[in-house]
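# Coordinate inspection notes
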Amino acid sequence: MNRSSEVDISLSLDVQATEYSLDIIANQESAKQSSPHPIFKTWLCIFAILLAILMLRRCWTGEKFYVFQFSFPLNNVIDVVHEIETTGRTTEKPLNNITLHYVINKDPSIKFCSKGVCDSFDMVFIVKSFVGNFDQRIAIRNTWGAQIHLRIKTMFVLGYVDRLQPLLDFENEEYGDILQFGFADTYDNLVYKTIISIDWLVKRNINTKYVHFLDDDRLVNTRRLHQFAVDSLGVTENKIVGHRLRFKQPHRTKSSKYFTTLEEYPFDFWPPYIHGGTTLTNMKVVKRLAYAIPFTKIIRMEDCFIGILAKLLKINVLHNSEFMQFYTSGFDMKDKLSSQGYKSYHLIIDGWKQLQN
């Protein structure tokens, strides 16, 4: 073979090798483009793991899927409420009679209502309090609950404790701001403090623009809260505001304080709800809730129950991070709405002084 032929063969082999290399590179690039992005694959794996956990939990507990299967008696409660709003009545039979048969031991409306006509307020505080928390109520009366520059009315909602009743009688004689019901003052009855207060507000025709439900261990920046209600809530908005919780699951451990049976609530997640029942809303929403309560199955978890009502009535549940879920000093409360963790007279008094400085 001559030298020219050898060169031709060598060049031919080089060209074939180059073409083969380019084919390999092209195939690799094509494979990269067609394969899922690594981040997508990671999220897909996480989703699959979460779905597997939910499936295992459902098999273990017997729960139903909230996202796909949520149904709560009555499912047509929004239509019932609309019927009551437009005609003043409904043909639907109630599921409970709690708002028909409750005992009021003490009624503060006698101080500001006469012949069905009540004084007008900008905001009413419905403070859920234990009978024995005398000092906390006194502190609230002397601080955020007694803002004379605003038309604010503070009322304390209590149950009944027989051994403490004489002291409570004396307290109410002095202040006249206690709304006491006849049921035992226990944690399990907390939901009744809220729903019967809602019913009472409507039946007594309390004349207020806004209502704030809260516990007696909170410090409130009253001026800021009222201004927030005026600016962001309005008197006709269909919404409740507070520290919203989402994607929370019922406690199924029997030893838990928050234990919820499958018979009471069979789903794996709660609807969005306001934590601790620290809820700000207007009187329009309070009326809608009051109309719906007799036609809804009542559960023990107070804040979750209001969340269920909100879902059934299509009430917007809005989050505001200024409702603090941990103790915040009065010094740091100037740009906040309220804080929990004020469990004594001195904490409330000192916190209020700090807030005013």
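Heads up: the structure comes first, above all this text.
Residues numbered from 1 in each chain as written. Predicted model: local features only at pLDDT ≥ 70, side-chain atom pairs only at ≥ 80, totals over all residues. Heavy atoms only, no water.

### Things to note about the pattern of salt bridges
In this structure the tally under the stated criterion is 17 salt bridges. Glu322 serves as the salt-bridge partner of Arg224, at 2.9 Å between the closest nitrogen and oxygen. Of this pair, Arg224 sits in helix α8 (residues 222–233) while Glu322 sits in the loop between β13 (316–319) and β14 (323–324); the two residues are 98 residues apart in sequence, bridging distant segments of the chain. A salt bridge links Lys336 to Asp335, with the nearest nitrogen and oxygen atoms 3.0 Å apart. A relative accessible area of 42% places Asp335 in the partly exposed class. Look at the salt bridges and you will find they share partners, linking Arg137, Arg141, Glu171 and Asp177 into a network. (Salt bridge = Lys/Arg side-chain N within 4 Å of Asp/Glu carboxyl O. Helix = DSSP H or I, 4+ residues; strand = E, 2+ residues; numbered from the N terminus. Buried < 20%, exposed > 50% of the residue type's maximum accessible area, 1.4 Å probe, protein only.)

### Brief notes about a nonpolar patch on the surface
A cluster of nonpolar residues, Ile39, Trp43, Ile46, Ile49, Leu50 and Ile53, forms a patch on the protein surface that exposes about 630 Å² of accessible area. As for its placement among the helices and strands, Ile53 is situated in helix α2 (residues 38–61). Residue classification places Ile53 among the partly exposed residues on the basis of a relative accessible area of 47%. (Patch = residues over 30% accessible without salt bridge, like charges linked within 9 Å, V, L, I, M, F, W, Y side chains within 5 Å. Areas by Shrake-Rupley, 256 points an atom, 1.4 Å probe, with all protein chains shown as cover.)

### Describing the environment of Ile293
For Ile293, the location among the structural elements is in the loop between α9 (283–292) and α10 (302–313). Residue classification places Ile293 among the buried residues on the basis of a relative accessible area of 0%. When the C-alpha atoms of Ile293 and Phe305 are compared, they prove to be 9.9 Å apart, with 12 residues separating the residues in sequence. With sequence-adjacent residues up to four places away left out, Ile293 is seen in contact with Asn96, Ile98, Thr99, Ile195, Ile198 and Leu309. (Contact = heavy atoms within 4.5 Å.)

### Some remarks on unusual backbone geometry
For the bond from Pro73 to Leu74, the omega torsion is -5°, close enough to zero to count as cis. Tracing the chain through its elements places Leu74 in the loop between α3 (66–69) and α4 (77–87). One non-glycine residue, Lys115, lies in positive phi territory at about 55°. Topologically, Lys115 is positioned in the loop between β2 (113–114) and β3 (117–118). Since its relative accessible area comes to 87%, Lys115 is described here as exposed.

### Thoughts on the side chain of Lys193
Mapped onto the secondary structure, Lys193 falls in helix α7 (residues 190–203). On the basis of relative accessibility, which here comes to 4%, the residue Lys193 falls in the buried class. A distance of 2.8 Å separates a polar side-chain atom of Lys193 from the backbone oxygen of Ser129. Apart from the residues lying within four places of it in its own chain, the contact partners of Lys193 are Lys128, Ser129, Phe130, Val157, Leu158, Gly159, Phe181, Phe183 and Asp185. (Polar contact = N/O pair within 3.5 Å; in protein donor to acceptor, adjacent residues only side chain to side chain.)

### A word on α9
With respect to burial, α9 is a largely interior element, 7 of its 10 residues being buried. At its buried positions, α9 is contacted by α4, α7, β7 (207–215), β9 (239–242), β12 (279–282) and α10. Where α9 begins, the side chain of Asn282 points an oxygen toward the backbone nitrogen of Lys284, at a separation of 3.2 Å.

### Digging into the sheet that holds strand β15 (residues 338–339)
Strand order in the open sheet formed by 3 strands is β8-β15-β14, with mixed pairing between adjacent strands. The strands lining the two open edges of the sheet, one partner per strand, are β8 (219–220) and β14. As judged from the 2 bridges shared by β14 and β15, these two strands associate in the parallel manner. Residue pairing for β15: Phe323 is matched across the bridge by Ser338. (Pairing = 2+ DSSP bridges.)

### Considering α7
Taking 1.5 Å per residue as the helical rise, α7 with its 14 residues ought to reach 20 Å, and the 20 Å between its terminal C-alpha atoms agrees with that figure. Counted residue by residue, α7 has 11 buried out of 14 residues, so it is predominantly covered. Listed in full, the buried residues belonging to α7 are Leu190, Val191, Lys193, Thr194, Ile195, Ile196, Ser197, Ile198, Asp199, Trp200 and Leu201. Positive backbone phi, at 55°, marks Asn205, one or two positions downstream of α7. (Expected span 1.5 Å × (residues − 1).)

### Things to note about the pairing of strand β6 (residues 178–184)
Of all 7 residues in β6, 5 are buried, a share of seventy percent or more. Relative to β6, strand β1 (residues 104–106) is paired through 2 bridges, and the arrangement is antiparallel. Bridge pairing in β6 places Ile104 opposite Phe181.

### A few points about the state of the cysteines
The final tally for this structure, using the stated rule, is 1 disulfide. Between the sulfur of Cys113 and that of Cys118 lies a disulfide, 1.9 Å long from S to S. Looking down the S-S bond of the Cys113 and Cys118 bridge, the torsion is 105°, so its handedness is right-handed. Owing to a relative accessible area of 9%, Cys118 belongs among the buried residues under this scheme. (Disulfide = S-S within 2.5 Å.)

In short, shape yes, function no, at least from these values alone.
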